[in-house]
Amino acid sequence: MQIIIEPSVAERKQVFVRPQLEAKSLEQLVNKVFDDIKAGGDKALLHYVEQYDKVKTTGALVPVTEWSGNFDALPEALRLAILRAKENIECFHRAQVMPVTSIETMPGVTCWQEVRPIERVGIYIPGGTAPLFSTVLMLAIPAYIAGCREIVLCTPPGREGKIHPAILFAASVCGVTKIVAAGGIQAIAAMTYGTESVPRVDKIFGPGNQYVVAAKQAALREGIAVDLPAGPSEVMVVADDTAVPAFVAADLLSQAEHGADSQVICLVNNERTLNRVLEEVALQLEQLPRKAIAQAALDNSKLILLADRDSLLESINQYAPEHLILCTRDNNFYRKGLTNAGSVFMGNYTPESAGDYASGTNHTLPTNGYARAYSGVNMDAFVKKITFQEITQTGLQHIGPIIETMAIAEQLDGHANAITIRLNNK
C-alpha cells in the first residue's frame, strides 16, 4: 500500500483516483461484442462464451432439471447459512415496501401513487474468480418481493461448463426463473438484445469488473435500464487509536481479495495506528489463499494519515466510497457529516463482510465515486411508481382557476381550455 502523510486538499484529488482501463479500447471491444450478439443471437453468444469464459457448449441456457443436480455437493451448514441470510435480507427489504397513501391536496382533488413491478429483470452474478452466490440473494430476493414476472440470471460457467451449486441453490430458493451460463460483456449483450434462448430484459442489475460496467453503459444506450454503476469493489476504513488494527487489516484484505482492480483506502489520524495497520496487512496477507489477487489490489491502494477530523470527513465525502467502515471514537461526528457513501459499517465489531452476506442490507452498491448521486440497490430499484389523480366537479372548481391562470401565462391556450370547457359545463 502507498503511504501518504497529510496530503493537501489539492493533492487529495489525485490521491483518490481509481485504477482505470484504457477507455477507448474497452469501448471498442464492448461495441463489437454487442454488435455480434445483436446480429448473431445464440451462435454469437456461444462463440464469446468459448472465447472469454473458456467453455465450449451447445447451449448457454441451463435447463431447470439441472438446477438441483449438485445440491448434495453443498455442505448442510452452507445451505442453512444461505437460508438464514435469505431470511434477514428478505426481512430488511420487505420493510421497504410502502403502503398506498391517498392525499387530498385540495377539497375534491385526490392524488395517490401505486407500485408496479418491472416485468422482466436480468441479474448478473460475477464468478470469474469466485462464485458470488451471495449476490443472487441480494438481487433475486427484492425482485421476487417486488413481483417481477421473470428473473433472468447470468453468470460465468466453471471450467467444466457448470454453474457452481451454491449459485444454483440460491437461485432456486429466491425465485429466479432462468439461468444463463455466460459472463462478462456477452452476458450483458444477450440480456440487452435477447437471443433465441435468453430473454430481452427491461433492466439489468449486478456488479462486475470494468468490462461489465462498460457493457451496462452500452445497454443503457440501447434503451435497457441499469441499476447503478457497480464496478470493482472498494472500501474505505477510517481508524483512530480505538480501532483494532488486526480488524482494520482484515477488512482491507476482505475487499482486496475481490479482484486485482479493487481498491482499498485506509484513513488514520495518527502514525502509530498507521504502522500497526500496515504490519497487520503484511502479516495477514501471507495467510490469504487469494494472496496474489489481494496483492495486486493493494498496489492500487492507499494508507493515508490525516490528523484533523474535518479533513478526514472531507476526504470521505470526496472519495464517496462504496463501503465505509468507521472505527473511531467520533463515529457519530462522521455519520452526521456524511453525504457520500454506499453503505456504512460502524464500530470495531461491524465488519463489511456482514453486509456482504447476511445482516440484511443490500451489497450491490455504487462504486467509482457514484455514491455522490446513487443509492445502493433497494426495493425501489425493482418497481415503477405510477401516480394517479381523481378530481370531482367541485374539486375542479377549486383548482381550475389556478390551472387556467398558469396555462395562459405559458401561452398554452389548449391547456387552459381543457379546464374552461369543464367549468362552463353547468
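Note that the structure is a prediction, hence the values are computed from the model and not measured.

Thresholds, definitions, all that
- Every chain is numbered independently, its residues counted from 1 as its sequence is written.
- Under the rules for a predicted model, residues below a pLDDT of 70 receive no local features and side-chain atom pairs below 80 are neither given nor counted, while totals for whole chains, interfaces and linings still include all residues.
- Hydrogen atoms and water are omitted, and side-chain values are computed over all heavy atoms in the structure.
- Runs of H or I in DSSP of at least four residues are treated as helices and runs of E of at least two as strands, each being numbered from the N terminus.
- Three exposure classes are used, based on accessible area relative to the maximum for each residue type with a 1.4 Å probe and protein chains only: buried under 20%, partly exposed in between, and exposed over 50%.
- Here, two residues are considered to be in contact whenever any of their heavy atoms come within 4.5 Å of each other.
- Calculation of accessible area relied on Shrake-Rupley with a 1.4 Å probe; when residues are assessed, cover is drawn exclusively from the protein chains displayed.
- For the purpose of charge, His is not counted, nor are the chain termini; Lys and Arg are scored as positive and Asp and Glu as negative.
- The atoms used to mark charge sites are NZ of Lys, CZ of Arg, CG of Asp and CD of Glu.
- A strand pair is defined by DSSP finding two or more bridges across the two strands.
- The axes used here are C-alpha line fits, helices contributing only the stretch in contact, and every angle between their N-to-C directions lies in the interval 0 to 180 degrees.
- As used here, the term nonpolar core means buried Ala, Val, Leu, Ile, Met, Phe, Trp, Tyr and Cys residues forming a set that is joined through side-chain atoms within 4.5 Å.
- Identification of polar contacts relies on pairs of N or O atoms within 3.5 Å, with a donor-acceptor requirement for protein atoms, meaning one able to donate a hydrogen and the other able to accept it, and with residues adjacent in sequence counted only if both atoms are side-chain atoms.
- A pocket here means an open set of points on a 1 Å grid, computed over the protein atoms alone, that has protein on both sides within 12 Å along at least five of seven lines. A cavity is instead a set of points where a 1.4 Å probe fits but cannot get out; residues with an atom within 4 Å of a point line either one.
- Grid points are joined across faces, edges and corners, and a volume is the space filled by probe spheres set on the points.
- Residue type decides the class: Asp, Glu, Lys and Arg count as charged, Ala, Val, Leu, Ile, Met, Phe, Trp, Tyr, Cys and Pro as nonpolar, and the leftover types, Gly among them, as polar.
- The rule for a salt bridge is simple: a side-chain nitrogen of Lys or Arg has to be within 4 Å of a carboxyl oxygen of Asp or Glu.

A. Spatial organisation of the overall build of the protein. What the protein contains, in helices and strands, is 15 helices and 14 strands. When the backbone C-alpha atoms are referred to their principal axes, the protein occupies close to 85 × 60 × 45 Å. Split into buried and exposed, the 426 residues of the protein put 48% on the buried side. Here the contacts in the protein between residues at least 6 apart in sequence split such that 74% fall between residues at least 24 apart. Accessible area of the protein: about 20500 Å², with a carbon and sulfur share of 53%. On the protein, the mean spot of the 37 positive side-chain charges and the mean spot of the 46 negative ones are 3 Å from each other.

B. Representation of the sheet that holds strand β13 (residues 343-346) within the structure. Ordered by their spatial adjacency, 6 strands build an open sheet running β1-β11-β10-β9-β12-β13, and the pairing between neighbours is parallel. Only two strands of the sheet have a single neighbouring strand rather than two, namely β1 (2-5) and β13. Going from strand to strand, the sheet's axes swing by 15 degrees on average, the running direction of each strand aside. In this fold helix α9 (residues 271-285) packs onto β1, β9 (234-239), β10 (263-268) and β11 (302-305), with an angle of close to 165 degrees to the strand it touches most, β11.

C. Looking closely at the environment of Thr394. Relative to the helices and strands, Thr394 resides in helix α14 (residues 393-409). A sequence separation of 285 residues divides Thr394 from Val109, and the C-alpha atoms of the two residues are 8.7 Å apart.

D. Spotlight on the nonpolar core. The biggest cluster of nonpolar side chains holds 43 residues, and the ones touching the most others in it are Ile123, Val136, Leu153, Val176, Ile179 and Phe382. Put simply, the parts of the chain that give this core at least two residues each are α3 (76-94), β4 (120-124), α4 (133-146), β5 (150-155), α5 (165-173) and β6 (178-181). With 10 residues, the top contributor of residues to this core is α4. The next biggest cluster of nonpolar side chains, apart from the first, holds 33 residues, and it includes Phe34, Val152, Met191 and Ala218.

E. Examining the pairing of strand β2 (residues 103-106) more closely. Two strands pair when backbone bridges link them, and β2 and strand β3 (residues 109-117) are joined in this way by 3 bridges, in the antiparallel orientation. Residue pairing in the sheet places Ile103 in a bridge with Cys111 of β3. Counting the residues between successive antiparallel strands, the hairpin from β2 to β3 contains 2 residues, one of them, Gly108, with a positive phi of roughly 85 degrees.

F. Representation of the side chain of Asn362 within the structure. For Asn362, the location among the structural elements is in the loop between α13 (352-357) and β14 (383-391). Within the structure, Asn362 has its side chain in polar contact with the side chain of His93 (distance 3.2 Å).

G. Quick look at empty space enclosed by the protein. Applying the stated criterion across every chain, the model contains 1 cavity of 30 Å³ or more. Within this model, the largest cavity holds a volume of roughly 40 Å³. In this structure, the largest cavity is lined by Asp240, Asp241, Ala243, Pro245, Arg272, Thr273 and Arg276. For the lining of the largest cavity, the leading source of residues is α9, giving 3 residues. For the lining of the largest cavity, the per-class residue count stands at 2 nonpolar, 1 polar and 4 charged.

H. Region of interest: the sheet that holds β6. Here 5 strands make up an open sheet; going across it, the order is β6-β5-β4-β7-β8 and the pairing parallel. On the outer flanks of this sheet lie β6 and β8 (225-226), each paired with one strand and no other. Judged from the 5 bridges that link them, β4 and β5 form a sheet pairing that is parallel. Considered in β5, the bridge of Gly122 is made with Val152. Along the sheet face, helix α6 (residues 184-193) touches β4, β5 and β7 (203-205) and points at about 180 degrees away from the line of β4.

I. Structural detail: the environment of Gly259. Of note, Gly259 is situated in the loop between α8 (245-256) and β10. On the accessibility criterion, Gly259 (11% relative accessible area) is buried. Apart from residues no more than four positions distant in its own chain, Gly259 is found in contact with Ile293 and Ala297.

J. Structural detail: the pattern of salt bridges. The tally for this structure, following the rule as stated, stands at 16 salt bridges. Here Glu90 makes a salt bridge to Lys86, at a shortest N to O gap of 3.3 Å. One end of the pair is Glu90 and the other is Lys86, both in helix α3 and 4 residues apart, which spans about a single turn. This pair shows no difference in class: Glu90 is buried, exactly as Lys86 is. A salt bridge links Arg149 to Glu119, with the shortest nitrogen-to-oxygen separation between them at 3.1 Å. Residue Arg149 is located in the loop between α4 and β5, and its partner Glu119 is located in the loop between β3 and β4; the two are separated by 30 residues in the primary sequence. According to the relative accessible area criterion, Arg149 is exposed, its value standing at 51%. With a relative accessible area of 44%, Glu119 lands in the partly exposed category. Within this structure, Lys86, Glu90 and Arg94 form a network of salt bridges that share partners.

Don't take any of this as a statement about function, it's just geometry.
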